[in-house]
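Structural description and commentary
Chain by chain, the residues:
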Amino acid sequence: MDLVGSPAALRRWTVASLVANIAIVVTGGLVRVTSSGLGCSTWPQCEPGSYVPHPDAGIHAYIEFGNRMLTFVLVIVAIGTLLAAWRARDAAGVPRPVVRGLAIAVIAGIVAQAVIGGISVLVQLNPWVVGAHLLPSIALIGACVLLVHEAYGRRPVPVAPSVRRVVRTLVFFGVAAMLLGVVVTGAGPNSGAGGASRNGFDLAQTARVHSLTVWVVVALTIGLLVACRVNPGARRAVLLVLGVELFQAAVGYAQYFLALPPWLVTLHMVGTALFTAALANLWWLTRTPAPASVAIRTEAGRSQQR
């Protein structure tokens, strides 16, 4: 089996990269809800003089150390993806610079993610630094989705300019909702370790602002679903986003009213990763404007339906 020199190998590496970058978001959430964020007291070492936990270390040290080790898995997968991307050619034998560029961006994002994670330990889990630790992961998941599309040779679905504008607005509010979710986390009780500072915001008020943003996102998605009713390719991508949004909203409200049980908080992190992937998928598929003739036929189809 060719590990890096075939289109099939590139597809396998890009899918593995996407899965691994989603997984580290989930394991990072597990570190936080189990209060294992300072299981290793320093960085890049785990304890002064040792890169691994001491034999008599508690479970928190091994949870934190395990999450650190997953970073090396990400690096290995990213290097494999880069090697496969470097050898990738189109049907005419021409190199594919977009694939190479995305693969390089993923490696850079993993390095940034690791450094911010290390800084968060050194500053005793300052909530703003911990929140910033999620940002490279969001970008990485988006880049990996684009890599998968490029590796599989999927073509965008032409859409009307108005649809593209709504998609861009949805992406803006979707990212804003995730950033506000980070602020809510910084105000909540799951600090990652006992005694770690909080950001000082009122949890109830911050969660209310976050939820309002989420409902704006849901409303935009429903409107987009109506606008794409005669475009099956775009409609499927919108339905995927809407399904993840409803799942995420249900988990979010449940964790708030049930006083943030750890398993629901972790499930909410899963939803964040899936929402990022679904949003990137929608943006990629709808990034191409429809030709004027297609737009005219689409408007005619809408008029007939009315």
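Let me begin by describing the structure that accompanies this report. These numbers were taken from a predicted model, which means no experiment stands behind them.

Along its 27 residues, helix α1 (residues 7–33) runs 40 Å from first to last C-alpha, staying within 8% of the 39 Å computed at 1.5 Å per residue. Trailing α1 by a residue or two, Ser-35 shows a phi angle of about 55 degrees, which is positive.

Here the structure, examined in full by the defined rule, presents 1 disulfide. Each sulfur in the disulfide pair Cys-40 and Cys-46 lies 2.1 Å from the other. Linking Cys-40 and Cys-46, the disulfide has an S-S dihedral of approximately -80 degrees and is accordingly described as left-handed. Taken as a pair, Cys-40 and Cys-46 share a single burial class, namely buried.

Note that Thr-272 resides in helix α8 (residues 262–285). As a C-alpha pair, Thr-272 and Ile-110 span 162 residues in sequence and 18 Å in three-dimensional space. Contact partners of Thr-272, with chain neighbours within four places excluded, come to Met-178 and Gln-248.

Okay, the packing of helix α2 (residues 59–86) against helix α3 (residues 97–122) next. The geometry of α2 relative to α3 is characterised by a closest axis approach of 8 Å and an angle of 165 degrees between their N-to-C directions. Relative to α3, α2 is oriented roughly antiparallel. For the pair α2 and α3, the crossing hand works out as left-handed. For the pair formed by α2 and α3, the contact residues are Glu-64, Arg-68, Thr-71, Leu-74, Val-75, Ala-78, Ile-79, Thr-81, Leu-82, Ala-85 and Trp-86 on the first element and Val-99, Arg-100, Ala-103, Ile-104, Val-106, Ile-107, Ile-110, Gln-113, Ala-114 and Val-121 on the second. In the contact of α2 with α3, the residues fall into 15 nonpolar, 3 polar and 3 charged.

Definitions and cut-offs
- Residues numbered from 1 in each chain as written.
- Predicted model: local features only at pLDDT ≥ 70, side-chain atom pairs only at ≥ 80, totals over all residues.
- Heavy atoms only, no water.
- Helix = DSSP H or I, 4+ residues; strand = E, 2+ residues; numbered from the N terminus.
- Expected span 1.5 Å × (residues − 1).
- Disulfide = S-S within 2.5 Å.
- Buried < 20%, exposed > 50% of the residue type's maximum accessible area, 1.4 Å probe, protein only.
- Contact = heavy atoms within 4.5 Å.
- Axes fitted to C-alpha atoms, helices over the stretch in contact; angles between N-to-C directions.
- Parallel < 35°, antiparallel > 145°, perpendicular 65-115°, else oblique.
- Left-handed = near helix turned anticlockwise from the far one by under 90°.
- Nonpolar A, V, L, I, M, F, W, Y, C, P; charged D, E, K, R; others polar.

Without other data, these values stay purely geometric and don't point to any function.
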